[in-house]
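Residue-level listing of the chains:
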Amino acid sequence: MTLRAIANVRDALASRPAEIEAARKQGAKVIGWFGYATPIEIIHALGLIPIRLGRGGDDRLVEIGARYISNQNCVFLRASIGLFAEKNDVYVKNVDAVAIDGTCLQMYRMADLLDYYFKVKTVVLCVPRTFQTAGARAYFHRELQWFVHELEEIAGTPLDPEKLAESVALYSSIRNTTRELYHHVSRGRLSLTWRELYEAVHAGYYLSPEKYASLLHELLARVEHGENTVAASDGPRIMLSGSVLAPGDTKLIEIIEQAGGRVVVDDLWSGLSPSLVRINEPTVTGIADAYMDRVPHAAQPHLDRQTDHRLANMMRLVRESNVDGVIYHTLRYCDPFTFKAVEVKEVLGNEGIPMIEIHTEYAGSDTEAIRTRVEAFIELLTSRGCRPGQPVAEVRV
């Protein structure tokens, strides 16, 4: 039975487009954003409405986007460009400008395309390939100051330190609550499933942070109260890792569930990862430091596995969530995550954790092939003796 709090999230999403249209009529401006290092706290503090853009799972949008960029770019990028070409998406229709950070070089390229083909104003936050050197960190500090200046021009007002502190506190509250919800899901308290939580995470792309914070707090309260708690399934405990699983891209999730697997945690940049940002100082410099110190994206190279925070974070989640196996999802032509699949498999293998890489796109033609591989993987985990009902160690993400 679905929690009432999840139904409330869905109701809020249904009314959000009308709210945005009304706000724009009153003079508000909307900043659509893509990326991994875009500081939404700054967008919100300037009185702008941040909306995270991009959808997955629609091969039609991929085909449209391929008219503007090579079909050897990732399907998420092509589908995102397709959204602007078609301009039927309720959020794309209402953006006044688009902010993009350069963590993923493919998404970085999109800024040029939006400007050239669709006359969309774009603001690009350049990101160094690594934050490990003092020079790279100083560079990102300067880039973020420039980024703030560009957004101030759009907002027509300077960044107010008090409003920035309020926005930082608000988003920190959202992230804290999200981490607590992930904690409960990984513990197997199934008044809330991972899939429902993932849906709630995606709702945060669109809802106002004030409304979203309230809905998440309600959801956490109901989960902690044990409302609608049901027994956990006996399926193997799965971690999802790898490329983005954007809103609408549910093919792999559905196949896993139909095969009897149970996703309990993820380290996706469309899932848990954004909630791992921790801002200690509510200033532009403090925000820059927090985004540099977060779990790095796969597009940011790190040659030493022993000190790679991305791999360390993945292994921590695997251990603390008592994961039986990892499904590593890579989108076609998502090179950073595809190239790093081998090292991920080796690191997991050293700990005795099975991994399967599922390479996919948004067309339905690969569905049955994926189903066959996932079913075989679930059978393997079951034959190894997965741990249904075993107590799970405390998890703090």
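Residues numbered from 1 in each chain as written. Predicted model: local features only at pLDDT ≥ 70, side-chain atom pairs only at ≥ 80, totals over all residues. Heavy atoms only, no water.

(A) Region of interest: the packing of helix α12 (residues 309–320) against helix α14 (residues 341–350). One can describe the packing of α12 onto α14 by two numbers: an axis separation of 11 Å at closest approach and a directional angle of 45°. Between α12 and α14, the angle falls in the class oblique. α14 is crossed by α12, and the crossing has right-handed handedness. In this structure, α12 uses R310, L311, M314, M315 and V318 to contact α14, whose residues at the interface are E343, V344, V347 and L348. Of the residues belonging to the contact of α12 with α14, the class tally is 7 nonpolar, no polar and 2 charged. (Axes fitted to C-alpha atoms, helices over the stretch in contact; angles between N-to-C directions. Helix = DSSP H or I, 4+ residues; strand = E, 2+ residues; numbered from the N terminus. Parallel < 35°, antiparallel > 145°, perpendicular 65-115°, else oblique. Left-handed = near helix turned anticlockwise from the far one by under 90°. Contact = heavy atoms within 4.5 Å. Nonpolar A, V, L, I, M, F, W, Y, C, P; charged D, E, K, R; others polar.)

(B) Geometry of empty space enclosed by the protein. For the structure on display, the rule yields 5 cavities of 30 Å³ or more. Of the pockets and cavities examined, the largest cavity occupies roughly 440 Å³. Lining the largest cavity are 26 residues; nearest its centre among them are W33, I40, R52, G204 and P274. Listing elements by their share of the lining of the largest cavity, those giving two or more residues are β2 (49–52), α7 (161–186) and α9 (209–225). When residues in the lining of the largest cavity are grouped by element, the largest group, 4 residues, is from α7. For the lining of the largest cavity, the residue count by class is 16 nonpolar, 7 polar and 3 charged. When its volume is computed, the second largest cavity comes out at roughly 150 Å³. D267, V295, P296, R310 and F337 are the residues nearest the centre of the second largest cavity, which is lined by 16 residues in total. Mapped onto the lining of the second largest cavity, the elements with two or more residues apiece are β5 (237–242) and α12. (1 Å grid on protein atoms, 1.4 Å probe; cavity = no way out; pocket = protein on both sides within 12 Å on 5 of 7 lines; lining within 4 Å. Points joined across faces, edges and corners; volume = space filled by probe spheres on them.)

(C) Seen up close, the pattern of salt bridges. Considering all chains together, one arrives at 21 salt bridges under this definition. We note a salt bridge from D96 to R24, for which the minimum N-O separation is 2.8 Å. Taken together, the residues D96 in the loop between α4 (75–86) and β3 (97–101) and R24 in helix α1 (residues 4–25) connect sequence positions 72 residues apart. Using a relative accessible area of 30% as the deciding quantity, one classes D96 as partly exposed. Here R195 and E257 are joined by a salt bridge, their closest N and O atoms 2.8 Å apart. Of this pair, R195 sits in helix α8 (residues 194–203) while E257 sits in helix α10 (residues 251–258); the two residues are 62 residues apart in sequence, bridging distant segments of the chain. With a relative accessible area of 28%, R195 lands in the partly exposed category. Assessed through its relative accessible area of 38%, E257 is described here as partly exposed. (Salt bridge = Lys/Arg side-chain N within 4 Å of Asp/Glu carboxyl O. Buried < 20%, exposed > 50% of the residue type's maximum accessible area, 1.4 Å probe, protein only.)

(D) How the structure looks around the nonpolar core. F84 and L240 are the most contacted members of the largest nonpolar core, which has 137 residues in total. When residues in this core are grouped by element, the largest group, 8 residues, is from α7. Contact partners of F84, with chain neighbours within four places excluded, come to F34, L53, V92, V95, V98, L114, F118 and V120. (Core = buried A, V, L, I, M, F, W, Y, C linked by side-chain atoms within 4.5 Å.)

(E) Just the packing of aromatic side chains, in detail. Applying the stated criterion across every chain, the model contains 9 aromatic pairs. Ring plane angle 65° and centroid distance 5.9 Å describe the contact between Y205 and Y206, whose orientation is recorded as edge-to-face. Just as Y205 is buried, Y206 falls in that class too. Taken together, the ring pairs in this structure connect Y68, Y116, Y117 and F118 into an aromatic cluster. The cationic tip of R294 hangs over the ring face of Y36; the distance from NZ or CZ to the ring centre is 3.6 Å. (Phe/Tyr/Trp six-rings, centres within 6.5 Å; stacked < 30°, edge-to-face > 60°. Lys NZ or Arg CZ within 6 Å of the ring centre and 35° of its normal.)

(F) A look at the environment of Y171. Inspection of the secondary structure puts Y171 in helix α7. Placed 91 residues apart in sequence, Y171 and R262 show a C-alpha to C-alpha distance of 29 Å.

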